[in-house]
Amino acid sequence: MSKILVTGGRGAIARGLTSLLEAHGIPYRLASREPDHPDTVHCDLGDPATFPGALAGVRSVFLYAEASGIEAFVKEAVAAGVEHIVLLSSSSVLAPDAADSPLAAGHLAVEEVLLASPLRTTLLRPGAFAGNALGWAWSLKSGRPVHLPYPGSYGDPVQESDIAEAAFAVLTDPALAGRAYTLTGPQSLTFQTQLAILGGVLGRPIPFGTVSREQWKSEVDGYIPGPYAEALLDYWAAGDGLPVELTDAVERLTGHPARSFDAWCEDHAEAFAA
């Protein structure tokens, strides 16, 4: 089978995907902006000079969305003989204001360039990652309440392992390629409910406090740029009290129902240990 290039080599989804490829004896090349292993090639999706070496001999690509270099990447991919690209996009591109949102605009721009190219393109559009809950670990370890600007905002936490399996499916089964898939977890859960589930797994209640938008922005200043913080707040505000529409795309691609947030919490309980 032709070699598969997996970008974003330090990410959980890329690591899960390469584990599946290796287990099935499928040749691949792992790429990263900051290679941390001798077998990982250097590929900075914002630096076209790194594209030729990464794409040589490749026929399929699992691609993280980086708008700044996408046109050059497509040009080099076509020249290298790449036939299929699987893009890790985002369900945020489906919002009416996607083109104007810092959360969605980059993903949307990459989608548009790929769909206008001669490359066969498959779009994976996950919603909220279950792993986002790791952002609460610091508060839990320090004994402080988790601060939430919109505790009643709904999400659809999907496990990164399910996204990796979905990517494996569309990369290895041509019948599944060339489509767009919106990937969700099995439940629509508010942040408050997610904390309750996590607390149940950890065996202790997790206190939280509702904070203003301005207070939350001040707390994440230096970690999340202002425009992205505002976009996140708007996204959560839009989902406040409004359950997320779920899909069965994970089950259709992987053959099993999407894994629950409860299961994710059980698998990652050590990350929240004091």
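Please refer to the structure placed before this passage.
These lines cover the structure that appears in this document, whether it is placed above or below. (Residues numbered from 1 in each chain as written. Predicted model: local features only at pLDDT ≥ 70, side-chain atom pairs only at ≥ 80, totals over all residues. Heavy atoms only, no water.)

Structural notes on the nonpolar core
Put simply, the rule is: Here the nonpolar core consists of buried residues drawn from Ala, Val, Leu, Ile, Met, Phe, Trp, Tyr and Cys, with membership extended through side-chain atoms lying within 4.5 Å. Type-normalised accessible area, obtained with a 1.4 Å probe on protein chains alone, sets the label of each residue: buried when under 20%, exposed when over 50%, and partly exposed for intermediate values. Strands here are runs of E lasting at least two residues and helices are runs of H or I lasting at least four, both read from the DSSP assignment and numbered beginning at the N terminus. By the convention used here, residues are in contact when the closest approach between their heavy atoms is within 4.5 Å.
With 28 residues, the main nonpolar core has Val6, Leu17, Phe62, Leu124, Tyr181, Leu183 and Leu253 as its most contacted residues. Looking at this core, the elements that each hand over two or more residues are β1 (3–6), α1 (12–23), β5 (84–88), α6 (160–172), β9 (180–183) and α10 (249–254). Top contributing element to this core by residue count: α6, with 8 residues. Non-local contacts of Leu17, meaning those with residues more than four positions away in its chain, are made with Val6, Phe62, Ala164, Ala167, Phe168 and Leu171. Ranked by size, the runner-up nonpolar core spans 25 residues in total, among them Ala130, Leu148, Trp236 and Phe272.

Quick notes on the pattern of salt bridges
Opposite charge on two side chains allows them to pair when their charged atoms are near. Going by this rule: A side-chain nitrogen of Lys or Arg and a carboxyl oxygen of Asp or Glu constitute a salt bridge if their distance falls within 4 Å.
Within the structure shown, the criterion is met by 9 salt bridges. Close ionic contact of Glu230 with Arg213 constitutes a salt bridge, the shortest N to O distance being 2.9 Å. Taken as a pair, Glu230 in helix α9 (residues 226–238) and Arg213 in helix α8 (residues 213–220) lie far apart in primary sequence, 17 residues in all. Judged by its relative accessible area of 24%, Arg213 is partly exposed. A single network of salt bridges, built from pairs that share partners, joins Arg213, Glu214, Lys217, Glu230 and Asp234.

Focus on the packing of helix α3 (residues 70–80) against helix α4 (residues 105–115)
Selection rule: Structural elements are reduced to axes, namely lines fitted to C-alpha atoms, with helices fitted over the stretch in contact, and the angle between N-to-C directions of any two is expressed from 0 to 180 degrees. Should an angle fall under 35 degrees it is called roughly parallel, over 145 degrees roughly antiparallel, and 65 to 115 degrees roughly perpendicular, with every other angle called oblique. Crossing handedness is defined as follows: a turn of the near helix away from the far one that is anticlockwise and smaller than a right angle gives a left-handed crossing, while the clockwise case is right-handed. For this classification, Asp, Glu, Lys and Arg are treated as charged, while Ala, Val, Leu, Ile, Met, Phe, Trp, Tyr, Cys and Pro are nonpolar and the rest, including Gly, are polar.
One way to put it is that α3 packs onto α4 with a least axis distance of 10 Å and a crossing angle of 30 degrees. Taken together, the axes of α3 and α4 are roughly parallel relative to one another. For the pair α3 and α4, the sense of crossing is right-handed. Contacts from Ile70, Glu71 and Val74 in α3 reach Val110, Val113 and Leu114 in α4. Grouping the constituent residues of the contact of α3 with α4 by class yields 5 nonpolar, no polar and 1 charged.

Quick notes on the packing of aromatic side chains
To keep things clear, this is the line we draw: Classification of ring pairs rests on two measures: the distance between centres of Phe, Tyr or Trp rings, Trp counted by its six-membered ring, which must be within 6.5 Å, and the angle between planes, read as stacked under 30 degrees, edge-to-face over 60 and tilted in between.
Tallied over the full model, the rule gives 7 aromatic pairs. With a centroid separation of 5.9 Å and an interplanar angle of 10 degrees, the aromatic rings of Phe261 and Trp264 are classed as stacked. Here Trp264 and Phe261 lie together in helix α11 (residues 261–267), a separation of 3 residues that amounts to about one turn. Accessibility assignment for this pair places Phe261 and Trp264 in one class, buried. Ring plane angle 75 degrees and centroid distance 6.2 Å describe the contact between Trp264 and Phe272, whose orientation is recorded as edge-to-face. Residue Phe272 is classed as buried on the basis of its relative accessible area, which comes to 0%. Among the aromatic residues, those joined into a ring-pair cluster are Trp136, Phe191, Trp216 and Trp236.

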